[in-house]
Amino acid sequence: MAYEARGDYNDRGYGGGGGGGGGAAGNHDGPPRARGRRPVTDYGATVVHWMRHRQPRYKGSYTGEAERPSISYIVDMLPPSARVSSAADTVPSRHLHSSLNKIKHPVNVVRWTPEGRRLLTASSSGEFTLWNGTGFNFETIMQAHDSAIRALAYSHSDDWLVSADHDGIIKYWQPNFNNVESIRGHTEPVRDLAFSPTDSKFVTASDDATCKIFDFAAGQAESTLTGHGWDAKCCDWHPTKGLIVSGSKDHLVKLWDPRTGRCLTTIRGHKNTLTKTIFEKVQGNCLATSARDQLARVFDLRMMRDICLLRGHEKDVSTLTWHPIHSNLLSTGGSEGSLFHYLLDEPNTPPGAAVTQAPYDTADPSSATAQAIYPAHKIPYAHDFAIWSLDWHPLGHILASGSNDRITRFWARARPGEADSFNDRYHIGEAAAEAQGTWDRRGGRHMRQVEEEQELEDEMDGLVDQKMPIKPAPGAFPGIPGLPLQQPGALPLPPPLIPGVGGAIPPPPLPFPLPVPGMAGAPPLPKTPAELAAIAEMMKKAGIPPPPLPGGAPLPPGMLPPGLIPPGFPLPPGFPPPPPGMVAGQAGGYDSEATAAHNESIRRRGPLPSQEESLRMEQTKGHYTRAR
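A quick note: this is a predicted structure, and the numbers were derived from the prediction, not measured.

Caption draft 1: Structural context of the side chain of K276. As for its placement among the helices and strands, K276 is situated in strand β20 (residues 274–279). When neighbours within four sequence positions are excluded, K276 is seen to be in contact with R111, D192, C234, A288, T289, S290, T319 and L320.

If you want it as structure tokens, here you go:
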């Protein structure tokens, strides 16, 4: 864990203006305000250190110095991939950062991008927000759906992202967040979705009590899984097998065959609505489920029965997730904002509770009761409200949590030598932390204000390149602001006020006479098409009307006044002959209809819409009406 300074100013003097914008520009009445240090997880040094000293696992796997409880051993911290059999060293007990938007909405889903460089969050306002994966600062935001986003899933090939919202709309996204497809999946809200191992299909769970299997390329539903008696709240596809699991409001967990759409078995055990069902990704032998009965269960697919009963929550379990590397580490989020971590091979039975035995250690594993597992680590005050989503970084060293308190938080293991992380306000509460001196309420509010200002600054910096030009007012020429266009049926527009013409004040007389064209000292007449075009453009910008044509006919747009082309002027090769009347000394008129048709056939670029216009349109729909 490193720290990136937020301002480069002199602490002892008032003259060192920070490059990060620490103080107000031009204010010399006092010192600039210090900017907080932004935590940055720099895991590159530890990964490179492990790669330099690693060996094949049958030779011991690692030859470097062992980690010790001292701050100087940070470089010897090993990533989870280096210690597959030691899941206890990966338990995320330390709070890293809290990220929140300028306009706050509940965070429904959090997903790390496949390469792990950013975190994607989906809110109840239908927005995608990208956060940096190392500095945790804001990167960009976009309006992805018209209603609350309920589910997100990346394909196994990392080439596609599928999202679903509360209206039943499913959208396809490329990694650069280019929306390429939008389909109507369900008539009710879509609660969960998952890709098949080959990415050719995906399954969705909806409040219409059905699960649907979609063909990804065709964008159409192939089959509908019916059998639940109430809303289907969650689903998942096995990482390597043709097996689908779904959980419903009817307290049942069902396993399906995606080829035939037949229900293979129904697992009973929970006594309330299922909130999450997810397969273990490393070995694929276990299934974890959570429900609103304050319990989470782990099922062995080989025995089709529960083997672990995860206790400890005092309220509903709202979500859970498996660690991507340690198959025995499971994290759960509660509806009251608690975050618990379980080690399935360590019961951690509290004093006074009955010790149970694992079914694998009994004489008859098929009929033995499930083993009760208690949390290996508790963070009771991780969030203020329910935790809706949890997701691990692909390397397995950072856990991201999204909550109904509109905050996205990042968690990791404590650094060597850190002993005060267990006494922060997330572990013992704000009152106890303030009493012990590990947290200052006033300083906490100041830190929250500084973090919000940092996020606001990052958001303004991230959106500066996305600002589009202002849309011109109705009735104006595209790209020429301020030049009105005469509406059909309206009175003719008055001519512009030009010095010396109309009602404008005439300019003072010149002290010398103007030279006559063609005489000595006069500028030469234009002789090339470029000079003629420049004169016409200058007249157009100045608003000078061209000379009237013979017979009072108006001058077509884009044409030069008559007599501006000298007689005998050679035209370039391939240049069409000018119409009669344009060459000096030649009689004739203009073909106004042909010229108008030619001008209408020219394709011109229209103006891009502005963000201000889009904001006004959204406000007419009832969105973004609350002022900051």
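Caption draft 2: Fine view of the confidence of the model for the protein chain. Mean pLDDT over the protein chain stands at 79; residues scoring 70 or higher make up 68%. Below a pLDDT of 50 lies the segment residues 1–34, which in the model reaches 51 contacts outside its immediate sequence neighbourhood of four places, other chains included. Counted against residues more than four places away or in other chains, residues 464–488, with its pLDDT under 50, gives 31 contacts.

Caption draft 3: Here's a closer look at the nonpolar core. A288, V298, C308, L310, L320, W322 and L330 are the most contacted members of the largest nonpolar core, which has 15 residues in total. Mapped by element, the contributors of at least two residues to this core are β21 (286–291), β22 (296–300), β23 (305–310), β24 (317–322) and β26 (339–343). Per-element tally for this core: the top contributor is β23, with three residues. When near neighbours in sequence (up to four residues on either side) are disregarded, L320 contacts K276, I278, A288, T289, S290, A296, L330, S331 and T332.

Caption draft 4: Fine view of the sheet that holds β21. If you walk across this open sheet you meet the five strands as β20-β21-β22-β23-β27, and the pairing is mixed. One side of each edge strand has no neighbouring strand; the edge strands of this open sheet are β20 and β27 (371–373). Put simply, the sheet's adjacent strands are angled 25° from each other on average, direction ignored. In this sheet, β27 lies alongside β23 in parallel orientation, the contact comprising three bridges.

Caption draft 5: Summary view of the packing of aromatic side chains. What the rule picks out here adds up to 13 aromatic pairs. With centroids separated by 6.0 Å and ring planes inclined at 65°, the aromatic side chains of W112 and F410 adopt a geometry described as edge-to-face. A residue pair is termed long-range when its members are at least 10 positions apart, and W112 in strand β4 (residues 107–112) and F410 in strand β31 (residues 408–412) qualify at 298 residues. Taken individually, W112 and F410 each receive the classification buried, so the pair is uniform in this respect. A connected cluster of aromatic rings, assembled from ring pairs, spans W160, Y172, F195, F202, F214 and F216. Directly above the aromatic system of W230 lies the positively charged group of K249, at a separation of 4.7 Å from the ring centroid.

Caption draft 6: Spatial organisation of the sheet that holds strand β9 (residues 161–165). A sheet is described by the order of its strands in space; here four strands give the open sequence β8-β9-β10-β11, paired in antiparallel fashion. Only two strands of the sheet have a single partner each, and these edge strands are β8 (149–154) and β11 (179–184). Adjacent strand axes in the sheet meet at a mean angle of 20° when their direction is disregarded. Alignment of β9 against strand β10 (residues 169–173), held across four bridges, turns out to be antiparallel. Paired with A164 across the two strands is I170, which belongs to β10.

Conventions used here
Residues numbered from 1 in each chain as written. Predicted model: local features only at pLDDT ≥ 70, side-chain atom pairs only at ≥ 80, totals over all residues. Heavy atoms only, no water. Helix = DSSP H or I, 4+ residues; strand = E, 2+ residues; numbered from the N terminus. Contact = heavy atoms within 4.5 Å. pLDDT = per-residue confidence, 0-100. Core = buried A, V, L, I, M, F, W, Y, C linked by side-chain atoms within 4.5 Å. Buried < 20%, exposed > 50% of the residue type's maximum accessible area, 1.4 Å probe, protein only. Pairing = 2+ DSSP bridges. Axes fitted to C-alpha atoms, helices over the stretch in contact; angles between N-to-C directions. Phe/Tyr/Trp six-rings, centres within 6.5 Å; stacked < 30°, edge-to-face > 60°. Lys NZ or Arg CZ within 6 Å of the ring centre and 35° of its normal.

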